[in-house]
Amino acid sequence: MQETNNRRVLLVDGMAILFRAFYATSYTGYIRKTSAGLPTNAVYGFIQYFFDAINTFKPTHVICCWDMGSKTFRTEQFADYKGNRGEAPLELIPQFDLVKEVVEAMGIQNVGVVGFEADDCIGTLATQLSGEAEVYVLTGDHDMLQLVSETVKVVIMKKGKLNYAVYDLALLLEEKQLSPSQVIDLKGFMGDTSDNYPGVKGIGEKTALKLILEYQSIEGVLLNLDKLPEGVRGKIEADLDMLHLSRDLATIRLNAPVRCELSACSWQIQHEAATRKFEELEFGGLVKILEGHPTFNLDLFSV
């Protein structure tokens, strides 16, 4: 492995943070809007969350990753994938493109690939860049824990300002009793109600975790079916195809068609463009948040 030389990449799960910002500021019924009536509460909150993370983790490089529509290879594999999710709130819809404009104005790479989820872009970029830099993934999605490695940490945003759980291999094992690959196998058995795939019918998290801890993996469980209680064995045998499909749906791809060179994602604010965009959106109070961040076009951590 190459030396990372104090390089630290922050991979931002843009959609997860945008949704979090929207619901954190809209539950009272008040939606921040421009004087022209454009909703901006999610984007405003996104900027605050983003800079809280920047100031906490002090990256040298930053990339924002996004979903590019609801149709992906997973919906082709399983038509009901995420089929339980309703339409986005009307006030949020115009902010999907708006937040990308703000991110671009700040000088940060927006990355997304049609047919793949942001998770897959993050997994792929984390794999590509972890040989050159320490990688931090900023998200609220526990599925991302499967990406934890010696050089990749997953930062889970928790309730409250500046409240993060930073998962490395040790914390993942301590808190969840799992290795990264076992995070995937657990979902194979128990499914995911949020993403709307079932796993093995009748097996919940408690039984799934017990199976994984005892037999290490799905393959380990299948090799020892004869040792399982009859009820559990019957459920697995009746749902083998869905077990394997659920694991595949849960697996973040590390080979999405995306690439970002480290030299192209240095953390350098475009102050003038960002300030203009903030003022256009009537975010004048946030202009000061741009201060103290690098603006020169020089990568101190040459690549």
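Just so we're clear, the structure is a prediction, and the values are computed from it rather than from any experiment.

(A) Representation of the overall build of the chain. Helix and strand counts for the chain stand at 12 helices and six strands. Computed over its C-alpha atoms, the radius of gyration of the chain comes to 21 Å, within 12% of the 19 Å expected for a compact globule of 303 residues. Projected onto its principal axes, the C-alpha coordinates of the chain cover approximately 65 × 50 × 35 Å. Per-residue burial for the chain yields a buried fraction of 50% across its 303 residues. A separation threshold of at least 6 residues defines the contact pool for the chain, and within that pool the share at least 24 residues apart is 72%. Carbon together with sulfur atoms contributes 51% to the accessible area of the chain, which is approximately 14700 Å² in total. Across the chain, the centroid of the 29 positively charged side chains sits 4 Å from that of the 41 negatively charged ones.

(B) Structural view of the nonpolar core. Formed by 51 residues in total, the largest nonpolar core has its most connected members in L11, I63, F189 and I236. Considering every element that reaches this core, the biggest residue donor is helix 5 (residues 118–129), with six residues. Contacts of I63, omitting those with residues within four sequence positions, involve L10, L11, V12, I108, Q109, V111, L125, L129, C260 and C265. Listed in part, the 40 residues of the second largest apolar core include A53, C64, V99 and V102.

(C) Molecular detail of helix 1 (residues 14–26). Its 13 residues give helix 1 an end-to-end C-alpha distance of 18 Å, which sits within 8% of 18 Å, the value for a rise of 1.5 Å per residue. If you check which residues of helix 1 are buried, you get G14, M15, I17, L18, A21, F22 and S26. Buried positions in helix 1, seen along its axis, are confined to an arc of 165° and lie on one side of it. Those residues of helix 1 that are buried lie in contact with strand 1 (8–13), helix 2 (41–57), strand 2 (61–65), helix 4 (93–105), strand 4 (134–139) and strand 5 (152–157).

(D) View of the packing of aromatic side chains. Using the criterion set out here, one finds 14 aromatic pairs in the structure. Ring geometry for F73 against F116: centres 5.4 Å apart, planes inclined by 55°, an arrangement best described as tilted. Note that F73 is positioned in helix 3 (residues 73–77) and F116 in the loop between strand 3 (109–111) and helix 5, a separation of 43 residues in sequence. A single burial state applies to F73 and to F116, both of which are buried. Measuring from ring centre to ring centre gives 6.2 Å for F278 and F283, while their planes differ by 65°; the resulting arrangement is edge-to-face. Residue F278 is classed as buried on the basis of its relative accessible area of 0%. Across from the ring centre of Y44, 3.9 Å away, lies the NZ or CZ of R32, which sits over that ring.

(E) Local environment of the sheet that holds strand 6 (residues 164–167). Taken together, the six strands give an open sheet; going across it, the order is 3-2-1-4-5-6, and neighbouring strands pair in mixed fashion. Both outer strands of the open sheet, strand 3 and strand 6, are each paired with one neighbouring strand and no more. Strand-to-strand twist across the sheet, computed as the mean angle between neighbouring axes with direction ignored, equals 25°. As defined by bridge partners, strand 2 adjoins strand 3 across three bridges and the pair is classed as parallel.

Calculation notes
Residues numbered from 1 in each chain as written. Predicted model: local features only at pLDDT ≥ 70, side-chain atom pairs only at ≥ 80, totals over all residues. Heavy atoms only, no water. Helix = DSSP H or I, 4+ residues; strand = E, 2+ residues; numbered from the N terminus. Rg over C-alpha atoms; globule rule 2.2 N^0.38 Å. Buried < 20%, exposed > 50% of the residue type's maximum accessible area, 1.4 Å probe, protein only. Contact = heavy atoms within 4.5 Å. Areas by Shrake-Rupley, 256 points an atom, 1.4 Å probe, with all protein chains shown as cover. Lys, Arg positive; Asp, Glu negative; His and termini not counted. Charge placed at Lys NZ, Arg CZ, Asp CG, Glu CD. Core = buried A, V, L, I, M, F, W, Y, C linked by side-chain atoms within 4.5 Å. Expected span 1.5 Å × (residues − 1). Arc of directions from axis to C-beta. Phe/Tyr/Trp six-rings, centres within 6.5 Å; stacked < 30°, edge-to-face > 60°. Lys NZ or Arg CZ within 6 Å of the ring centre and 35° of its normal. Pairing = 2+ DSSP bridges. Axes fitted to C-alpha atoms, helices over the stretch in contact; angles between N-to-C directions.

By themselves, these are just geometric observations and shouldn't be taken as functional.
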